[in-house]
Amino acid sequence: MKSLIHIFLLSTLLGMCLNANAITISPQNWWVGMQNNTLQIMLHDQGIAKQQWQLASYSGVSLKSVTKTDNPNYAFLNIEINPIAKPGVLVFSSKSGERFEYQLHARKANSSKRNGFDSSDTIYLINPDRFANGDSSNDTVKGMLEAANPIERGGRHGGDIQGVINALPYLQKLGVTQLWLTPPLENDMPSYSYHGYAITDFYTIDPRMGSNELYRELSAKAKQHGIGIVMDLVLNHFGSEHEWMTDKPTSDWINFNGEFANGKHATSHARQTIQDPHASEFDKRQFSDGWFVATMPDLNQRQPLLANYLIQNAIWWIEYADLSGIRVDTYSYSDKAFLADWTKAIMTEYPAFNIVGEEWTTNPAIASYWQAGKVNNDGYTSSLPSVMDFSLQESLIQALNEEESWNTGWVKVYQSIANDFLYPNPDNLLVFADNHDMSRVYTQLKQDLAKTKMAMTMLLTTRGIAQMYYGTEVLLDNTGSNDHGDIRIDFPGGFKGQPSNAFTGQGLSDEQRDMQQTITTLLNFRKQSPAIAQGKLVHFSPKSGIYSYARISEQQTLLVFLNKNTAAKNWSLAYLQEVIGQYKQAVSLFTEQQINITDTVTLAPMSATVLIIE
């Protein structure tokens, strides 16, 4: 009889431990000393809403209430953490005997005062699966739906966070100051999961990329190399293999009742409906609530529990991984009231932080609507510091590919930048020549090295925050294919068996070496140039195939000339008197020669000339 009793007690205790361990807790920890003293912990387990939770006495922390939903498998604990609270362990227990511990950490010194990326930075965009394979043991992970398939353009190629860590010395030498990785979070999808935008766990790094701890190690080691980490967050959608598809926290967690309906509930991509004063409610909903594809269900951020979940998730990653910025995927597709709350919450917690939103439009009237400080006719107030300048990207490619005339060529760039009056802060726009969703700049410019060098010189010396796509420095190319798998080509030297290596220079062509040296010169100059970091932009109407502008600060002035002519030009500087002033000499960035600027300068054909006045 005693044996039976012992077995029964052991089984009961074991069952209690198993139940406690089965609970999914999000976020898994938090910090004391946050600006916002409230925390909402989401618990997920079979029938957990039936439990009655209590918090063991802890100075400065109280369990204010428990929110239950129409799904008995979820409960939300509403916690208040007062300023007097110290780091430690909270102990929660239920009347039925379940128990779990919850860690409250101390924040890093001056965490709230962290500086985000700014106009002095160059952000290097990496798709980690295609950059470098630093740990081949995690190429395929048992239990995950998709294995490595490096010969398939849409398959997983094996690049990972360790590969990025290994490349930090190269990136520092190149002149990179920020890294933007496409989402490294878990994408446990049966296929096409390498890109990272079909997230199946918002709090966990995909094990084929590494681990949470390794991501944090990347951040720490990157900072030792003078490089910050910008995390790519997705607020609009998630992966269809996420447990939310089979066990939604609330019935309204997913837009259109969680149904794609064979495309009936697909997004219209009609982003202009947000600003259109005449837009129908039907069109507005079809844009914001519509799904991208069946494998990316659309989140309903009007659901307050979900809205809070996404806000806390962003703050958790900033604290946990010591981030210096966030890039938000498909920004305008989310509910716009939620976006205002989300950005305000983050910028209140971190006033000097930076967030850039992807609003893929070449119309600056639409893009500027989202930038903080914009006074909009509909009264909408945004706290988003930065948006991506798709207008300049398109204009630059057109300018370099078109013949010069009164309305083609460089005038397209001039007109795009002239629209800066629409933005509250044009210096905080993200400028770029290409990214992971479009053909590479070398491809768009028809494999023309001179044009590519001009394009990158312009983007790395004009106003705004520069972003460069990995491999641009060695002319990676997707000519002949617009498939994303070819746009996101493997970085040379990042994988075994490649004929060339960009990290060492082995096997690179003369043109690749030339481009790599040009980028290295530009990026390292940006790092220490006051004219780039704080300088005013003054540009001049293009003429005779030449676009020219100046960047002016108290310590330094830059003169930039972009010459599309196939012949050299003996170029008069008389029109530049307002920016040259009494200076007579400048130094050429690329040749390091002293240049007389009292009369004329010689501009090489199809080239960019950057002159430094100090």
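Nothing here was measured: the structure is a model prediction, and the numbers come from that model. (Residues numbered from 1 in each chain as written. Predicted model: local features only at pLDDT ≥ 70, side-chain atom pairs only at ≥ 80, totals over all residues. Heavy atoms only, no water.)

Draft legend 1. Structural context of the packing of aromatic side chains. Inspection of the entire model under this criterion finds 39 aromatic pairs. With centroids separated by 5.5 Å and ring planes inclined at 75°, the aromatic side chains of Phe238 and Trp244 adopt a geometry described as edge-to-face. A relative accessible area of 1% means that Trp244 is categorised as buried. Members of the aromatic cluster, each reached through a chain of ring pairs, are Trp30, Trp31, Phe202, Tyr203, Tyr215, Phe238, Trp244, Trp253, Tyr309, Trp316, Trp317 and Tyr320. Positioned over the ring face of Tyr194 is Arg130, at 3.9 Å from the centre of the ring. Across from the ring centre of Tyr575, 4.3 Å away, lies the NZ or CZ of Lys543, which sits over that ring. (Phe/Tyr/Trp six-rings, centres within 6.5 Å; stacked < 30°, edge-to-face > 60°. Buried < 20%, exposed > 50% of the residue type's maximum accessible area, 1.4 Å probe, protein only. Lys NZ or Arg CZ within 6 Å of the ring centre and 35° of its normal.)

Draft legend 2. Spatial organisation of unusual backbone geometry. In this structure, the amide linkage connecting Ser26 to the following residue, Pro27, adopts the cis form with an omega of -10°. Along the chain, Pro27 turns up in the loop between β1 (24–26) and β2 (29–31). For Lys446, which is not glycine, the phi torsion reads 60° and is therefore positive. Along the polypeptide, Lys446 turns up in the loop between α11 (441–444) and α12 (449–459). (Helix = DSSP H or I, 4+ residues; strand = E, 2+ residues; numbered from the N terminus.)

Draft legend 3. View of α12. Among the 11 residues in α12, nine count as buried, and that is most of the element. With a side-chain oxygen lying 3.0 Å from the backbone nitrogen of Ala450, the N-terminal cap of α12 falls on Asp448. (Polar contact = N/O pair within 3.5 Å; in protein donor to acceptor, adjacent residues only side chain to side chain.)

Draft legend 4. Focus on empty space enclosed by the protein. With the rule as written, the count across this model stands at three cavities of 30 Å³ or more. By volume, the largest cavity is sized at about 40 Å³. Every residue lining the largest cavity is listed: Ser26, Gln40, Ile41, Met42, Phe76, Leu305, Tyr309 and Gln312. Those elements giving two or more residues to the lining of the largest cavity turn out to be β3 (38–44) and α6 (304–321). Looking at the lining of the largest cavity residue by residue, the class counts come to five nonpolar, three polar and no charged. (1 Å grid on protein atoms, 1.4 Å probe; cavity = no way out; pocket = protein on both sides within 12 Å on 5 of 7 lines; lining within 4 Å. Points joined across faces, edges and corners; volume = space filled by probe spheres on them. Nonpolar A, V, L, I, M, F, W, Y, C, P; charged D, E, K, R; others polar.)

Draft legend 5. Spotlight on the sheet that holds strand β6 (residues 74–81). Across the sheet, four strands lie side by side as β1-β3-β6-β5; this open sheet has antiparallel pairing. In this open sheet, the two strands that pair with only one neighbour each are β1 and β5 (61–68). Averaged over all neighbouring strand pairs, the angle between strand axes comes to 25°, with direction disregarded. Bridge count between β1 and β3: three bridges; the pairing is antiparallel. Note that in β3 the partner of Thr24 across the bridge is His44. Relative to the sheet, α6 contacts β1, β3, β5 and β6, its axis offset from that of β3 by approximately 110°. (Pairing = 2+ DSSP bridges. Axes fitted to C-alpha atoms, helices over the stretch in contact; angles between N-to-C directions. Contact = heavy atoms within 4.5 Å.)

Draft legend 6. Layout of the environment of Asn212. The residue Asn212 is located in helix α4 (residues 212–224) in this model. Residue classification places Asn212 among the buried residues on the basis of a relative accessible area of 11%. Measuring from C-alpha to C-alpha, the distance between Asn212 and Trp317 comes to 9.9 Å, with 105 residues separating the pair along the chain. With near-sequence residues (within four places) excluded, Asn212 lies in contact with Gln28, Tyr203, Thr204, Ile205, Trp316, Trp317 and Tyr320. Side-chain polar atoms of Asn212 contact the backbone nitrogen of Ile205, separated by 2.8 Å.

These results come straight from atomic positions and should not be treated as a statement about function.
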